[in-house]
Amino acid sequence: MSRDLVRRLLRSRLIEALAYPHGVDRYVELVRPLLVKRDVRAEVAAVRHQTRKSVTLALCPNENWRGLHAGQFIGVSVDIDGARETRPYSPAGSQHAAAGALELTVSTHPEGKVSRYLRDHARPGMIVGVTQAQGDFVLPDPRPERVLLISGGSGITPVMAMLRTLCDEGFTGELGFLNYARSCELALYGAELDQLVDCHGGLRVARAFTQGRGLPLTGRFCREHVRAVISDHSSAATFVCGPPALIDAVRAVWAQDGLPEPALETFAPPALSFDTDGAEGLVRFAASAREATNSGLPLLEQAEDAGLAPEHGCRMGICNTCSCRKTAGTVRNVLTGEISSPGDEQIRICVSTPVGDVALDL
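Rules behind the numbers
Numbering of residues begins from 1 in every chain and follows the order in which that chain's sequence is written. Restriction of local features to residues with pLDDT of at least 70 applies here, the model being predicted, together with a cutoff of 80 or more for giving and counting side-chain atom pairs; totals for whole chains, interfaces and linings are based on all residues. Derived side-chain values reflect all non-hydrogen atoms in the structure, with water molecules and hydrogen atoms excluded from consideration. Think of it this way: a Phe, Tyr or Trp ring, Trp meaning its six-membered ring, pairs with another when their centres are within 6.5 Å, and the plane angle makes it stacked under 30 degrees, edge-to-face over 60, tilted otherwise. To qualify as a helix, a DSSP run of H or I must reach at least 4 residues; to qualify as a strand, a run of E must reach at least 2; elements of each kind are numbered from the N terminus. Burial classes follow relative accessibility: with a 1.4 Å probe on protein chains only, a residue under 20% of its type's maximum area counts as buried, one over 50% as exposed, and anything between as partly exposed. Strand pairing requires that DSSP identify at least two bridges connecting the strands. Put simply, a nonpolar core is a bunch of buried Ala, Val, Leu, Ile, Met, Phe, Trp, Tyr and Cys residues held in one set by side-chain atoms that sit within 4.5 Å of each other. The contact criterion used is simple: two residues touch if any of their non-hydrogen atoms lie within 4.5 Å. Pairs of N or O atoms are called polar contacts if they sit within 3.5 Å, as long as, within protein, a hydrogen donor faces a hydrogen acceptor (for residues adjacent in sequence, only side-chain-to-side-chain pairs). Geometry is summarised by axes, namely lines fitted to C-alpha atoms with helices restricted to the contacting stretch, and by angles between N-to-C directions that run from 0 to 180 degrees.

## Side note on the packing of aromatic side chains
Enumeration over the complete set of coordinates arrives at two aromatic pairs. Taken together, a centroid distance of 6.0 Å and an interplanar angle of 80 degrees make the contact between F137 and F239 edge-to-face. Of this pair, F137 sits in the loop between β6 (127–130) and β7 (146–152) while F239 sits in strand β11 (residues 237–241), and the two are 102 residues apart along the sequence. Its relative accessible area of 5% is what places F137 among the buried residues.

Shown next, in the form of structure tokens:
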């Protein structure tokens, strides 16, 4: 039976009805994990370790993958000890990669359950779940004449995707890349950056180690570092991804120069405080017939405290995995301070706190 015929059968309403209540994909994945009807899956084609704290995966997504723009992120799901865990990662490959191939470079940290699992257990042939690409941290179209890319630590991945994409497109404008790492041992993509400089005359790359020496630039971000990679940052489209300290330092220089804030992205959770003393109202989890006194914490944590296990990923309001329907009440977005409408709507429960009584479809 041809692959196209199999796919037509999987998409038929009759087959879907016969597979009720689990759906076709739940049965197909037992035999051919990539040949599912709706879900995006990817097979690990290759694994390499650039540093002791990272793993780089080459992924081949199935036909449900719709592609991405350089700089966007995806949700990656793996099963760990019988539970499905999802985290957001920004692919580092060019958006023009053949057959939609993806490259993920995942850096670990002590509490990184998924990142440590992928570093230690990812093997060729392993299947992971993947969401469609999301996010507005992308290159403008048409491309600007000057582009400045700044990254720190694991924040190199979306910026590397932008760099590779521009190089694949034969970008002829001025292109600067300023990258920070703690040390030479933890620096990512060093050899490739050197090769790209040799192949693209308009590209200038400078790297700095924040804890150690060995490169022309040392220490943390400053105006002098910018001058090493681009002639005029005021007229450059600038993209910055890294830890909050790097983001704040770039913001400060741009503010001093009276420039609009550059495009920013960070993988570190923001430092937040919650009004647990002044919290009022009840939180009702309608689908579970449970109710709890509002503690003032984000609704994801309140649901977990009530014994529920809602899906979630980044816990930072980025990946949208924890999106849930609010059926009544208002919530405050802890990142923006914005108050929601009182009606029925989708909210991200990891960054939403109740304002009085709230009901969720959980």
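## Considering the pairing of strand β3 (residues 74–80)
The buried fraction of β3 is high, at six of seven residues. Both β3 and strand β4 (residues 83–89) contribute to a ladder of seven bridges, which runs antiparallel. Bridging from a neighbouring strand, I74 pairs with Y89 of β4. The hairpin turn running from β3 into β4, its antiparallel successor, is two residues long, and D81 in that turn takes a positive phi close to 55 degrees. Across two bridges, β3 lies against β6 in antiparallel orientation. Within β6, the residue paired with V76 across the bridge is V130.

## A few points about the nonpolar core
Judged by nonpolar contacts, the single largest core of 25 residues is most densely connected at L149, M160, L163, L175, F177 and F239. Of all elements in the fold, only β7, α5 (156–168), β8 (174–181), α6 (190–199) and β11 reach the threshold of two or more residues within this core. When residues of this core are assigned to their parent elements, the largest contribution, eight residues, is made by α5. With near-sequence residues (within four places) excluded, L175 lies in contact with V147, L149, L163, L166, G202, L203, R204 and V229. By size, the runner-up hydrophobic cluster in this structure holds 23 residues, among which are V44, Y89, L104 and V128.

## Overview of the side chain of H225
Along the polypeptide, H225 turns up in helix α7 (residues 223–227). Given the relative accessible area of 5%, H225 is considered buried. In terms of polar contacts, H225 uses its side chain to reach the backbone carbonyl oxygen of R220, at 3.5 Å. Setting aside its immediate chain neighbours within four residues, H225 contacts L178, Y180, A208, L217, T218, G219 and R220.

## Quick word on the sheet that holds β4
Strands sit in the order β4-β3-β6-β1-β2-β5 across an open sheet of six strands; the sheet is antiparallel. The open sheet has two edge strands with one neighbour each: β4 and β5 (102–107). Adjacent strand axes in the sheet meet at a mean angle of 40 degrees when their direction is disregarded. Sheet topology note: the strand β1 (residues 40–48)/β6 ladder contains four bridges and is antiparallel. Looking at the pairing, A42 lines up with V128 of β6.

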